[in-house]
Amino acid sequence: IAYPDLHLGATGFTGKEVCRYLRDEGQDMRWAIAGRSESKLTALIEELRLSEDIATFIASADDHCSLLATFSQGTLLLNCTGPYRFLGEPVVKACIESRTHYMDICGEPQFMENMFLKYHAVAAEAGVLVLHACAFDSVPADLGVLFCMRKFKELHEDTHEVYSIESYLSIHSGPSGIAAHYTTFECAVHGMADVNSLRRIRREINEKYDPPTLNTPEPRLRRKNGIEFDERFDKYVMPFMGADASVVKSSFRSLSLETGVRKFPHYAAYAVVGDWGNMLTTAIVGGVVTSLAPYSFGRSVLLQYPEIFTYGIFSHDGPSREQLEETSFTMDFFVTGRGGDSDNESTRSDKIMRVAVSGPEPGYVATPRIFITLARVLLKEYGKELSGGCSMPRGGVFTPSTAYYFSPNVYDSLAAAGIKFEVCSHAT
């Protein structure tokens, strides 16, 4: 039996939420689960009251043969096993060898760029799609930027360029507060410790693939380097420490290689941190974590006491059902472009558009919805002629906006799952 979807890492915290969503909303999909422990897979089936007919496979990242045997049973692997920097590469390699498409929910820039460096050409030759960041990290930002660029052109026919896009993430919590799982914190800590390797990997990518030099329009975007008060939100904002900016940058590079487009806007990602008290707490936590993460002893202490260093936000228990139900997110985009005749300065004028991407709790409610929605679209559209006679890439290592660049249904499909992309206002 061939299973269109194989779900690896199903017994982890996020993996379990993906299974829960598949149980409730995946009746149209045939799927199986895989993991390292047969007893944990059995317990998962009982806990979530999954169908007794669901297939299970035993596979471990340190057992290449088990990975090949499992992945050969499926068309698409959904990988929820992190941290990816430690557990991801054997899975990617086995998927390419078994000709099984791969998707993950990774928010680790070093891993994603390293997989592009090592496996993009191999995956392209094998006809296997390896898709990273297919979750809250970083679909709202990555597909959001693409949405902004297209909508701006639609609404301003005389516009000849979009020169900057800024995103601002707001998390809306309820009375129970906000929480996240330990693995998310673990990935972030190791990522902060390994910033230098990201620069090295990108240099090696440029040497190996020689991507086109991207043209970014003038004027350059003024970037916020610290915490600032933003009157548009009446709150403090700061640079977003997640993967969004890195993923969008990777997408621009891949789009230039795949489509020949060379000109992309400046992009910056920020987080809305709230009032003075929240700003102070965020500054303290961020300062302590970034100071300790580069050192082995510091990482050990951070990972041993995550609740202490994050004021209880990160824990091995993760968020409660109440916290998941009460929390939501909004990502606001401010898009600036220039309209008029590019050769006539007197007719040129700046135009501004505001876009919002919104959805439920980001890490463990929106993520399964995004993940499964993109999986559905891939299974439906891969190999078919899409918008303008184009199609999804045949194979290679990509981030979302490159893989779904020509997909006519991806935004409607995400909206149906509760992840909405909407134009809020635009200046004519």
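Residues numbered from 1 in each chain as written. Predicted model: local features only at pLDDT ≥ 70, side-chain atom pairs only at ≥ 80, totals over all residues. Heavy atoms only, no water.

A. Here's a closer look at the pattern of salt bridges. Under the criterion given, the structure shown has 17 salt bridges. Between Glu113 and Arg202 there is a salt bridge, with its nearest N and O atoms 2.9 Å apart. Taken as a pair, Glu113 in helix H6 (residues 109-126) and Arg202 in helix H9 (residues 195-209) lie far apart in primary sequence, 89 residues in all. Residues participating in the shared-partner salt-bridge network are Glu17, Arg20 and Arg321. (Salt bridge = Lys/Arg side-chain N within 4 Å of Asp/Glu carboxyl O. Helix = DSSP H or I, 4+ residues; strand = E, 2+ residues; numbered from the N terminus.)

B. How the structure looks around the side chain of Ser254. Looking at the element boundaries, Ser254 is found in helix H10 (residues 244-259). A residue is classified by how much of its surface remains accessible, and Ser254, at 3% relative accessible area, is buried. Beyond its immediate chain neighbours, meaning those up to four positions away, Ser254 contacts Phe116, Phe398 and Thr402. (Buried < 20%, exposed > 50% of the residue type's maximum accessible area, 1.4 Å probe, protein only. Contact = heavy atoms within 4.5 Å.)

C. The arrangement of the pairing of strand S4 (residues 74-79) in detail. Summarising burial for S4: five of the six residues are buried, a large majority. In this structure, S4 lies alongside strand S5 (residues 101-104), joined through four bridges in parallel fashion. Following the sheet pairing, Asn79 is matched in S5 by Asp104. (Pairing = 2+ DSSP bridges.)

D. Quick look at unusual backbone geometry. Cis geometry is found at the peptide bond from Gly82 to Pro83, where omega equals 0 degrees. The residue Pro83 is located in the loop between S4 and helix H4 (84-87) in this model. In this structure, the amide linkage connecting Asp137 to the following residue, Ser138, adopts the cis form with an omega of 0 degrees. Along the polypeptide, Ser138 turns up in the loop between strand S6 (129-131) and helix H7 (139-155). Its identity as a non-glycine residue notwithstanding, Asp234 has a phi of 55 degrees, on the positive side. With a phi angle near 55 degrees, Tyr311 is a residue other than glycine that sits in the positive phi range. Secondary-structure assignment places Tyr311 in the loop between helix H13 (306-309) and strand S12 (314-315).

E. Representation of the nonpolar core in the model. In terms of nonpolar packing, the biggest core is built from 104 residues, with Met103 and Tyr404 touching the most fellow members. Sort the elements by how many residues they give to this core and H7 lands first, with nine residues. Not counting the four nearest positions on each side in its chain, Tyr404 is found in contact with Met103, Leu131, Leu374, Ala375, Val377, Leu378, Met392 and Val410. If you look at the next biggest cluster of nonpolar residues, it comprises 15 residues, including Phe185, Leu302, Leu324 and Tyr364. (Core = buried A, V, L, I, M, F, W, Y, C linked by side-chain atoms within 4.5 Å.)

F. Broad picture of empty space enclosed by the protein. Counted by the stated rule, this structure contains two cavities of 30 Å³ or more. Its volume calculated, the largest cavity comes out at about 80 Å³. Lining the largest cavity are 13 residues, with Met112, Glu113, Ser250, Arg253 and Thr399 positioned closest to its centre. Counting residues per element, the ones that place at least two in the lining of the largest cavity are H6, H10 and strand S15 (396-398). In terms of residue count, the dominant contributor to the lining of the largest cavity is H10 (five residues). Of the residues contributing to the lining of the largest cavity, the split by class is six nonpolar, five polar and two charged. In this model, the second largest cavity occupies a volume close to 30 Å³. (1 Å grid on protein atoms, 1.4 Å probe; cavity = no way out; pocket = protein on both sides within 12 Å on 5 of 7 lines; lining within 4 Å. Points joined across faces, edges and corners; volume = space filled by probe spheres on them. Nonpolar A, V, L, I, M, F, W, Y, C, P; charged D, E, K, R; others polar.)

G. Summary view of the packing of helix H1 (residues 13-25) against helix H15 (residues 362-381). Following both chains from N to C, one finds H1 and H15 inclined at 60 degrees, their axes separated by 9 Å at the closest point. With respect to H15, the axis of H1 lies oblique. The two elements H1 and H15 cross, and the hand of that crossing is right-handed. In contact with Phe13, Thr14, Glu17, Val18, Tyr21, Leu22 and Glu25 of H1, H15 contributes Gly363, Tyr364, Thr367, Pro368, Arg369, Phe371, Ile372 and Arg376. Here the residues of the contact of H1 with H15 sort into eight nonpolar, three polar and four charged. (Axes fitted to C-alpha atoms, helices over the stretch in contact; angles between N-to-C directions. Parallel < 35°, antiparallel > 145°, perpendicular 65-115°, else oblique. Left-handed = near helix turned anticlockwise from the far one by under 90°.)

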